[in-house]
Amino acid sequence: MNIEGLEISVVRKKIKNMYLRVQPPDGSVKVSAPRNMSEKVIRQFVQQKLPWIRKKQQQIRSRKRHEPYQMVTGEIHYLWGQAYRLVIVDKGSRYQIDLRADEIIYQVREGSTFEQRKAHYLAWCREQLELKASEIASGWMQRMQVEVREIRTRNMKTKWGTCNCRERRIWLNLQLVKWPLSCLEYIIVHEFTHLLERGHNKRFYALLDGYLPDWRKQRKILKSAVCFE
Ligand SMILES: [Zn+2]
């Protein structure tokens, strides 16, 4: 569907109300509509929201983004909000990563490919994230009196964390490893709060305010940029 030069993808679903999303990273617009809703009604709905859509698209497109890593010496990598210069040492027989003051010394196998370097590096990032996340989580489990069965990590396109309340499982975006630890803590506490209150309602935010009074600061940091690769 095209409205005033704007390409809109419409998905029909078994739902009662219409939903509209402007999606990162390109600002594409997606409408979910009930199966039997006429095209005319959908058009009217989108038309009403055009100013909001354009504003949202501008916001999304102006976000700063990290360039995808090339895994070469001199490249700047981020860990817990701090910038490190990557130094590749390719004379080794195995993979090893050491942190210096402002450098990541990455020993790789001689003749290794970009994919191999990247895979080992991501595995290391995942280890760092899981280590910190479990430290932070254990304190908050006690304080909030919630029981979490599992915390897992993966790359996600549009979310920093998700909570499967029934399974008591939290998923964290692997990209959190690039941001300050306070951001990781905020996402963990946010997801834990869902174990006490599922929806983003008044009660949810009252609980969150009680646990982390300055959570909006961390949210602002995470909203200011995208670094999804
Ligand atoms: Zn939430």
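About the cut-offs
Residues numbered from 1 in each chain as written. Predicted model: local features only at pLDDT ≥ 70, side-chain atom pairs only at ≥ 80, totals over all residues. Heavy atoms only, no water. Helix = DSSP H or I, 4+ residues; strand = E, 2+ residues; numbered from the N terminus. Buried < 20%, exposed > 50% of the residue type's maximum accessible area, 1.4 Å probe, protein only. Contact = heavy atoms within 4.5 Å. Areas by Shrake-Rupley, 256 points an atom, 1.4 Å probe, with all protein chains shown as cover. Domains from an automatic or database assignment. Axes fitted to C-alpha atoms, helices over the stretch in contact; angles between N-to-C directions. Parallel < 35°, antiparallel > 145°, perpendicular 65-115°, else oblique. Left-handed = near helix turned anticlockwise from the far one by under 90°. Nonpolar A, V, L, I, M, F, W, Y, C, P; charged D, E, K, R; others polar. Donors = N, O, S within 2.8 Å, 3.2 Å for Na, K, Ca; no water. Pairing = 2+ DSSP bridges. Phe/Tyr/Trp six-rings, centres within 6.5 Å; stacked < 30°, edge-to-face > 60°.

A.B. asks: Before we go on, may I ask you to explain the overall build of the protein chain in this structure?
C.D. replies: Each helix and strand counted, the protein chain has five helices and 13 strands in total. For the protein chain, the spread of C-alpha atoms along the three principal axes comes to 65 × 45 × 30 Å. Taken over 229 residues, the protein chain has a buried fraction of 40%. Sequence separation of at least 24 residues holds for 47% of the intrachain contacts in the protein chain that already meet a minimum separation of 6. In the form shown here, the protein chain has an accessible surface area of approximately 13600 Å², with 48% of it arising from carbon and sulfur atoms.

A.B. asks: I'm lost on the domain arrangement of the protein chain in this one. Help?
C.D. replies: Assigned domains within the protein chain: domain 1 (2-62) and domain 2 (76-226). Relative to domain 2, the C-alpha centre of domain 1 lies at a distance of 31 Å.

A.B. asks: What is the right way to look at the packing of helix 2 (residues 114-144) against helix 3 (residues 181-194) in this model?
C.D. replies: Any two packed helices are characterised by the angle at which their axes cross and by the distance between the axes. For the pair helix 2 and helix 3, interaxial distance at closest approach is 10 Å and the crossing angle is 50°. Of the possible angle classes, the one that applies to helix 2 and helix 3 is oblique. As helix 2 packs across helix 3, the resulting crossing turns out to be right-handed. Between helix 2 and helix 3, the contacting residues are Leu129, Lys132, Ala133, Ile136, Ala137, Trp140, Met141 and Met144 on the first element and Leu181, Leu184, Glu185, Ile188, Val189, Phe192 and Thr193 on the second. Tallied by class, residues from the contact of helix 2 with helix 3 come to twelve nonpolar, one polar and two charged.

A.B. asks: Help me out: how do you make sense of the coordination of the zinc ion in this one?
C.D. replies: Ideal geometry at a metal gives 109.5 degrees between four tetrahedral donors and either 90 or 180 degrees between six octahedral ones. Surrounding the zinc ion are the protein donor atoms His190 (NE2), His194 (NE2) and His200 (NE2), at 2.0 to 2.1 Å. Between consecutive donor residues of the zinc ion, the sequence gaps follow H-x3-H-x5-H. According to the relative accessible area criterion, histidine 194 is buried, its value standing at 9%. Classification of histidine 200 by relative accessible area gives exposed; the value is 51%.

A.B. asks: I keep staring at the sheet that holds strand 12 (residues 169-173) and nothing clicks. Help me out?
C.D. replies: Pairing between the strands of a sheet is mediated by backbone hydrogen bonds and can be parallel or antiparallel. Taken in spatial order, the three strands line up as 10-12-11 in an open sheet, and their pairing is mixed. The sheet is open, and its two edges are formed by strand 10 (150-154) and strand 11 (161-164), each paired on a single side. When strand polarity is set aside, the average angle formed by the axes of neighbouring strands in this sheet is 20°. Where strand 11 and strand 12 come together, four bridges link them in antiparallel fashion. When the bridges of strand 12 are listed, cysteine 163 appears paired with isoleucine 170. Sheet contacts for helix 2: strand 10 and strand 12; angle to strand 10, the most-contacted strand, approximately 150°.

A.B. asks: Any chance you could explain the packing of aromatic side chains here in plain terms?
C.D. replies: Taken as a whole and assessed by the stated rule, the structure comprises nine aromatic pairs. Between the aromatic rings of tyrosine 121 and tryptophan 124, the centroid separation amounts to 5.9 Å while the plane-to-plane angle is 35°, which identifies the pairing as tilted. Taken together, the residues tyrosine 121 and tryptophan 124, both in helix 2 and three residues apart, mark about one turn of the helix. The exposure class of tyrosine 121 is buried, given its relative accessible area of 3%. You can call tryptophan 124 buried: its relative accessible area is 12%. Aromatic ring contacts, followed pair by pair, group Tyr69, Tyr95, Tyr106, Tyr121 and Trp124 into a single cluster.

A.B. asks: Whenever I open this one, the sheet that holds strand 6 (residues 76-79) confuses me. Can you help?
C.D. replies: Pairing in this open sheet of four strands is mixed, and the strands run 6-7-9-8 from one edge to the other. At either end of the open sheet lies a strand with only one pairing partner, and these are strand 6 and strand 8 (96-99). Averaged over all pairs of adjacent strands, the angle between strand axes in this sheet comes to 35°, irrespective of strand direction. Where strand 8 meets strand 9 (residues 103-109), four bridges bridge the pair, whose relative direction is antiparallel. Opposite aspartate 98, over in strand 9, you have isoleucine 105 as the bridge partner. Each of strand 6, strand 7 (82-92), strand 8 and strand 9 touches helix 2; the most contacted strand, strand 9, lies at about 130° to it.

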